[in-house]
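An overview of the molecular structure
What follows is the residue order along each chain.
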Amino acid sequence: MLKAAITLGFFGLLWFSEFTVPNQHGFNPDQHLTAKDITMRKDSMVVVIKKSKTDQKGEGCQINIEITLTARALRMVLYHLIRRCGYSTKLYHTHSLRSGAVIAVFRNGLPPSNDQEPRQMLE
């Protein structure tokens, strides 16, 4: 469930509050995301967002998330997130994902090896 929530939040460019509830007892189906708010189509997923901090009129909205992940689509999402965090897209690129993962592997005590790729070291 956690992986699905994070994936939805990432690819939907959602605010955290758009796909979470404030606490265990704070769920309200009229305001929060439910299974009925997600419609699967052949090549996309439609998500109804009922309430958002950027929706001043409280009208809600529908977002369409492409299921087929193309390099272009991922690059657009990545660049959007980089800019949203206040960084320059000139400094970070799609190869930064692999570079960051390799650095994390080595920082967590897995030594470099000539005959192993970092992802093999995690298995």
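In this text, all values refer to a predicted model and were calculated from it rather than measured experimentally. (Residues numbered from 1 in each chain as written. Predicted model: local features only at pLDDT ≥ 70, side-chain atom pairs only at ≥ 80, totals over all residues. Heavy atoms only, no water.)

Below, the discussion takes up the sheet that holds strand S3 (residues 61–66). The strand order S1-S2-S3 describes an open sheet built from 3 strands, whose pairing is antiparallel. This sheet does not close on itself; its edge strands, each paired only once, are strand S1 (38–40) and S3. Here the strands of the sheet are splayed against their neighbours by 20° on average, with no regard to which way each runs. Examined bridge by bridge, strand S2 (residues 44–49) and S3 share 6 bridges and lie antiparallel to one another. Considered in S3, the bridge of Ser-44 is made with Glu-66. (Pairing = 2+ DSSP bridges. Helix = DSSP H or I, 4+ residues; strand = E, 2+ residues; numbered from the N terminus. Axes fitted to C-alpha atoms, helices over the stretch in contact; angles between N-to-C directions.)

Turning our eyes to something else, we now look at the pattern of salt bridges. By the definition in use, this model includes 1 salt bridge. The residue Lys-50 makes a salt bridge to Asp-37 at a minimum N-O spacing of 2.9 Å. Residue Lys-50 is located in the loop between S2 and S3, and its partner Asp-37 is located in the loop between helix H1 (2–11) and S1; the two are separated by 13 residues in the primary sequence. For Lys-50, a relative accessible area of 22% translates into the label partly exposed. (Salt bridge = Lys/Arg side-chain N within 4 Å of Asp/Glu carboxyl O. Buried < 20%, exposed > 50% of the residue type's maximum accessible area, 1.4 Å probe, protein only.)

Remember, this is a structural readout, not a statement about activity or role.
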